[in-house]
Amino acid sequence: MLPDARELFADDSAALVRTGRPLRSADALPFANNAFRVIAKVPRGKIIGAIRKLAAQVPKADLDPAGRQGFRVMAQLDGQLTAIDRAARSDLERALSSKVRGRVSSRGGGDEYWVIGRKDLGELLLAYRLPKQRSRKVAAGALAPELSSMLVAASRPDRRDRFLDPFAGSGALVAARLAQPARRIDYVDEQLDELRPNLPDVLRRKRDGVRLFQGDARRLTMIDDHDVDVIVTDPPWGEHEDVDGPYESFVADVAAEFARVLNPRHGRLVLLSSRRRADLWSDALGPLAAETLEILINGHPATVLIGSR
């Protein structure tokens, strides 16, 4: 659960957040491409009347002053960008301009306020689009920061965790876990020597509690029995990579090693698989794959397996 979020509505590219404490940046929601803080809501009803009711709530909203580039108003109804009635838009823009002491700018580049309606909500929302720092360019084949953060969040991070990614590759999952306190974080990959120059800066710097190993996930000789609390990983999908033998044998060997290193009382696992291989992993992992979540990665069907002991 997000530390500040009471409710989270998500779709393929955006999250709407209602918080007890106003969020000022989308960096608090690293798994969302776009995030919006809900600042007012009214029953949906007729759109023009609902927008005017939203405008009436603006004076009481907690909003920061607009920057030099001003702000603009956008609208999305039922997943589609839409035009707003000119008079209702003017009412809303005047209310916002007075509240944030800024000018309306249709060119963009400044703050954005969105009128958002969804049939499943039954209400019309006025939301502020949270700014987000630009992520560094992702290497080919690497997990996107948003997806990495989502997978780490699914593992229920705890500051006492001994974390392991045994197929660490680009380091995306390890970097995402480093955003939160942990007792120990281990990166393992067979090609560490080749990958090291392109790892995220946060991994190439020496840090207490962070260990980098070159090794095979089927033989984690550097990890003691039951010495890991949580594994979050993205193994080869067996589509373009060579796993030195039948994929079924590869899965069985990896699952056995996971069983050896994970804490027998509270070990946890989050694993990303191609959807067509998910049943193999589920059968091999047993309770460590108790839940599944189907997602798309660049249009490719994938499954997240989640479980614990």
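Preceding this paragraph is the structure being described.
Note that the coordinates shown come from a computational prediction; the quantities given were computed from them, not determined experimentally.

(A) Representation of the overall build of the chain. Check the secondary structure of the chain and you find 8 helices and 14 strands. Long-range pairs, those at least 24 residues apart, make up 65% of the contacts in the chain between residues at least 6 apart in sequence. A total of about 16,500 Å² of accessible surface is found on the chain, and carbon and sulfur atoms cover 47% of it.

(B) Main features of unusual backbone geometry. Positive phi values are uncommon outside glycine, yet His226 reaches one of about 55°. Locating His226 in the fold gives a position in the loop between strand 10 (210-214) and strand 11 (230-233). For His226, a relative accessible area of 39% corresponds to the partly exposed category. Phi angles above zero are rare outside glycine, and Asp244 is one such case at about 55°. Position of Asp244 among the secondary structure elements: in the loop between strand 11 and helix 7 (247-261). We classify Asp244 as exposed; its relative accessible area is 57%.

(C) Quick look at the packing of aromatic side chains. Taken as a whole, this structure holds 7 aromatic pairs when the rule is applied. Judged by centre distance (5.9 Å) and plane angle (85°), the ring pair of Phe71 and Tyr113 falls under edge-to-face. With a gap of 42 residues between them, Phe71 in strand 4 (residues 71-77) and Tyr113 in strand 6 (residues 111-118) connect regions that are remote in the sequence. Per residue, the accessibility class of Phe71 equals that of Tyr113, and both read buried.

(D) Structural view of the environment of Leu288. Among the secondary structure elements, Leu288 is positioned in the loop between helix 8 (278-285) and strand 13 (291-297). Residue class for Leu288 comes out buried when judged on its relative accessible area of 5%. Taking the C-alpha atoms as reference points, Leu288 and Ile306, 18 residues apart in sequence, are found 6.4 Å from one another. Not counting residues within four places of it along the chain, the set of residues in contact with Leu288 comprises Leu262, Gly267, Leu269, Ile306, Gly307, Ser308 and Arg309.

(E) Fine view of the packing of helix 7 against helix 8. Their axes nearest at 9 Å, the elements helix 7 and helix 8 cross at an angle of 40°. Every pair of crossing elements has a handedness; the one defined by helix 7 and helix 8 is right-handed. Listed contacts from helix 8 to Tyr247, Glu248, Phe250, Val251, Val254, Ala255 and Phe258 of helix 7 are Leu280, Trp281, Ala284 and Leu285. When the residues that make up the contact of helix 7 with helix 8 are grouped by side-chain class, the tally is 10 nonpolar, no polar and 1 charged.

(F) Representation of the pattern of salt bridges. Scanning the model with the defined rule gives 21 salt bridges in all. The salt bridge involving Glu294 is made with Arg275; its shortest N-O contact spans 3.7 Å. Within this pair, whereas Glu294 is found in strand 13, its partner Arg275 is found in the loop between strand 12 (268-274) and helix 8, the two being separated by 19 residues in sequence. Residues joined by salt bridges that share partners form a network here, namely Arg162, Arg184, Asp186, Arg211, Asp227 and Asp229.

(G) Helix 2 (residues 86-100), seen in detail. Given a rise of 1.5 Å per residue, 15 residues ought to cover 21 Å, and the 21 Å separating the end C-alpha atoms of helix 2 matches this to within 8%. If you check which residues of helix 2 are buried, you get Ala88, Leu92, Glu93, Ala95, Leu96 and Val100. Looking straight down helix 2, one finds its buried side chains confined to an arc of 160°; they lie on one side. In this structure, helix 2 carries Arg86, Arg94 and Ser98 as exposed residues pointing more than 90 degrees from its buried face.

(H) Representation of the sheet that holds strand 13 within the structure. Strand order in the open sheet formed by 7 strands is 10-9-8-11-12-14-13, with mixed pairing between adjacent strands. Because the sheet does not close on itself, it has two edges, and the strands there are strand 10 and strand 13. The sheet shows a mean angle of 20° between the axes of neighbouring strands, direction not considered. Summarising the sheet, strand 8 (residues 162-165) and strand 9 (residues 184-189) pair through 4 bridges and their orientation is parallel. Within the sheet, the bridge partner assigned to Arg162 lies in strand 9 and is Arg184. Against the sheet, helix 3 (residues 145-154) touches strand 11, strand 12, strand 13 and strand 14 (300-308), its axis set at about 140° to strand 12.

(I) Representation of the packing of helix 1 (residues 47-57) against helix 2. Across the interface, helix 1 lies against helix 2 with an axial gap of 8 Å and an inter-helix angle of 10°. Here helix 1 is positioned roughly parallel relative to helix 2, judged by the angle of their axes. Each of Ile48, Ile51, Arg52 and Ala55 in helix 1 lies in contact with helix 2, whose residues at this interface are Ala87, Ala88, Asp91, Leu92 and Ala95. By residue class, the composition of the contact of helix 1 with helix 2 is 7 nonpolar, no polar and 2 charged.

(J) Representation of the side chain of Arg37 within the structure. Locating Arg37 in the fold gives a position in strand 3 (residues 34-43). Although Arg37 is buried, it forms no salt bridge, and the closest oppositely charged side chain is Asp62 at an N-O distance of 5.0 Å. Polar side-chain contacts of Arg37 include one of 3.2 Å to the backbone oxygen of Asp62.

What counts as what
Along each chain, residues carry numbers from 1 onward, in the same order as the chain's sequence is written. For this predicted model, a pLDDT threshold of at least 70 governs which residues receive local features, and a threshold of 80 or more governs which side-chain atom pairs are given and counted, while totals over whole chains, interfaces and linings are taken from all residues. Water and hydrogen atoms play no part in the side-chain values, which are based on all heavy atoms of the structure. Elements are defined by DSSP. Helices are runs of H or I of four residues or more, strands are runs of E of two residues or more, and each kind is numbered from the N terminus. Whether two residues are in contact is decided by their heavy atoms: any pair within 4.5 Å suffices. Accessible areas in this description were obtained via Shrake-Rupley with a 1.4 Å probe; residue shielding takes into account the shown protein chains only. Remark: exposure states derive from per-residue accessible area (1.4 Å probe, protein chains only) relative to the maximum for the residue type, with buried under 20%, exposed over 50%, and partly exposed in between. The criterion for an aromatic pair is that two Phe, Tyr or Trp rings (for Trp, the six-membered ring) have centres within 6.5 Å, with stacked assigned to planes under 30 degrees apart, edge-to-face to planes over 60 apart and tilted to the rest. Structural elements are reduced to axes, namely lines fitted to C-alpha atoms, with helices fitted over the stretch in contact, and the angle between N-to-C directions of any two is expressed from 0 to 180 degrees. Should the near helix be turned counterclockwise from the far one by less than a right angle, the crossing is left-handed, whereas a clockwise turn marks it as right-handed. Amino acids are sorted into nonpolar (Ala, Val, Leu, Ile, Met, Phe, Trp, Tyr, Cys and Pro), charged (Asp, Glu, Lys and Arg) and polar (every other residue, Gly among them). The working definition used for a salt bridge is a side-chain nitrogen of Lys or Arg within 4 Å of a carboxyl oxygen of Asp or Glu. One fewer than the residue count of a helix, multiplied by 1.5 Å, yields its expected span. Here, the arc refers to the directions that run from the helix axis to the C-beta atoms. Criterion used throughout: strands pair if DSSP finds at least two bridges between them. In this scheme, roughly parallel covers angles under 35 degrees and roughly antiparallel covers those over 145, while 65 to 115 is roughly perpendicular and the rest are oblique. His is not counted, nor are the chain ends; Lys and Arg add positive charge and Asp and Glu add negative charge. Within 3.5 Å is the distance limit for a polar contact, defined as a pair of N or O atoms, with the added protein rule that one can donate a hydrogen and the other accept it, and that residues adjacent in sequence qualify only through two side-chain atoms.

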